[in-house]
Amino acid sequence: MSNTRGKSVARGVPGAHGQDADSGARVSAAHGRGSGDFVFDLRPLGRHPGSFRDETRTALVPVDLGSGLALVPAGAEVALDLRFEAVAEGVLVTGSAVAPLTGECARCLDPLTTTTEVSFQELYRYQPDPGEDEADEERFLDGDWLDLEPAFRDAVVLALPLSPLCQEDCPGLCAECGARLAEAGPDHGHGADTDPRWGPLRQLDVSDRIED
Ligand SMILES: [Zn+2]
Ligand SMILES: [Zn+2]
């Protein structure tokens, strides 16, 4: 009891204590719920081709998706907006997912937070055709259950930006001193300190130098 009260007081105070409490909460959320959030019960849909159901749901991402400059972090809330449609060979899922994205600006290395929206259409089959090899990229239902997580994961990883930017026209960092040019301003430069004779050398590729 007294612990809980102490935490909420600390959270109200700006500074390191508040941040600790927040990140602790995020970690426990990530461990508390799993991929079950992405599993759908198809019994209400039935198997009659042509029947469909719309479903929206908020799901928690079980593990970090992506890496490096941009990822959807574990524990993030994903808004799913889906249509399940029964077809002859299985269930067609069409929909979109909106997920928070955290990362680092590829030019100025500032942390950034944004959202990503992916849309997908996936056929989950009841079972493989007789005599057919089960290809890896095919998806199958588990009885009346559909696990959307692998399809969601593939769609997110494909949609992640290779070079996320904090803003469209981020000017990046000064090549000379590493100053953030968005703050340093357009007049920032080192004209007097730069020997013009270095200019041609700077344009050489590293690969050119290795071949020499
Ligand atoms: Zn930037
Ligand atoms: Zn500079």
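Described below are features of the structure shown in this document. Everything quoted here is computed from the prediction, not taken from an experiment.

Our next topic: the coordination of the zinc ion (ligand 1). Looking at the zinc ion (ligand 1), the protein donor atoms are Cys-105 (SG), Cys-108 (SG), Cys-166 (SG) and Cys-170 (SG), and they sit 2.2 to 2.3 Å from it. Going along the chain, you hit the donors of the zinc ion (ligand 1) in the pattern C-x2-C-x57-C-x3-C. On the basis of relative accessibility, which here comes to 34%, the residue Cys-166 falls in the partly exposed class. Given the relative accessible area of 5%, Cys-170 is considered buried.

The next thing to look at is the nonpolar core. Residues Leu-80, Phe-84, Leu-146 and Leu-148 are the most contacted members of the largest nonpolar core, which totals 32 residues. Elements with a minimum of two residues in this core: β4 (70–72), β5 (77–87), β6 (90–104), β7 (111–125) and α3 (149–159). Sequence-distant contacts of Leu-148, that is, excluding residues within four places in its chain, are made with Phe-38, Phe-40, Leu-80, Leu-82, Val-93, Phe-120 and Tyr-124.

Geometrically, a metal with four donors at the corners of a regular tetrahedron has ideal angles of 109.5 degrees, and one with six donors at the corners of a regular octahedron has ideal angles of 90 or 180 degrees. Taken together, the protein ligands of the zinc ion (ligand 2) are Cys-174 (SG), Cys-177 (SG), His-188 (NE2) and His-190 (NE2), with distances of 1.9 to 2.3 Å. Viewed at the metal, the four donor atoms of the zinc ion (ligand 2) are separated by angles of 108 to 114 degrees, and the geometry they form is tetrahedral. In primary-sequence terms, the residues that donate to the zinc ion (ligand 2) follow C-x2-C-x10-H-x1-H. Of this pair, Cys-177 sits in the loop between α3 and α4 (181–184) while His-190 sits in the loop between α4 and α5 (199–202); the two residues are 13 residues apart in sequence, bridging distant segments of the chain.

Another aspect to go through is unusual backbone geometry. One non-glycine residue with positive phi stands out, namely Leu-109, at about 65 degrees. Secondary-structure assignment places Leu-109 in the loop between β6 and β7.

As a further point, take the pattern of salt bridges. Applying the stated rule across the entire model yields nine salt bridges. The residue Asp-54 makes a salt bridge to Arg-83 at a minimum N-O spacing of 2.6 Å. A residue pair is termed long-range when its members are at least 10 positions apart, and Asp-54 in strand β2 (residues 52–60) and Arg-83 in strand β5 qualify at 29 residues. With relative accessibility at 34%, the residue Arg-83 sits in the partly exposed group. In this structure, the salt-bridge partner of Asp-110 is Arg-180, at a minimum N-O distance of 2.9 Å. You can see Asp-110 sitting in the loop between β6 and β7 and its partner Arg-180 sitting in the loop between α3 and α4, a full 70 residues away along the chain.

Moving on, we come to the pairing of β7. Sheet topology places β6 next to β7; 15 bridges connect them, and they run antiparallel. Considered in β7, the bridge of Val-98 is made with Glu-117. Between β6 and β7, which pair antiparallel and follow one another directly, the connecting turn spans six residues, one of which, Leu-109, has a positive phi of 65 degrees. Strand direction decides the pairing type here: β7 and strand β8 (residues 139–140), joined by two bridges, are parallel. The residue bridging Arg-125 from the neighbouring strand is Phe-140, located in β8.

Before going further, it helps to spend a moment on the packing of aromatic side chains. Inspection of every chain in the model, using the stated rule, returns two aromatic pairs. Between Phe-40 and Phe-84 the ring centres are 5.0 Å apart and the planes differ by 50 degrees, which places this aromatic pair in the tilted class. Taken together, the residues span a long stretch of sequence, with Phe-40 in strand β1 (residues 39–41) and Phe-84 in strand β5 at a distance of 44 residues. Given a relative accessible area of 2%, Phe-84 falls into the buried group.

Definitions and cut-offs
Residues numbered from 1 in each chain as written. Chains lettered and ligands numbered in written order. Predicted model: local features only at pLDDT ≥ 70, side-chain atom pairs only at ≥ 80, totals over all residues. Heavy atoms only, no water. Donors = N, O, S within 2.8 Å, 3.2 Å for Na, K, Ca; no water. Buried < 20%, exposed > 50% of the residue type's maximum accessible area, 1.4 Å probe, protein only. Core = buried A, V, L, I, M, F, W, Y, C linked by side-chain atoms within 4.5 Å. Helix = DSSP H or I, 4+ residues; strand = E, 2+ residues; numbered from the N terminus. Contact = heavy atoms within 4.5 Å. Tetrahedral: all angles 85-135°; square planar, octahedral: opposite > 155°, others 65-115°. Salt bridge = Lys/Arg side-chain N within 4 Å of Asp/Glu carboxyl O. Pairing = 2+ DSSP bridges. Phe/Tyr/Trp six-rings, centres within 6.5 Å; stacked < 30°, edge-to-face > 60°.

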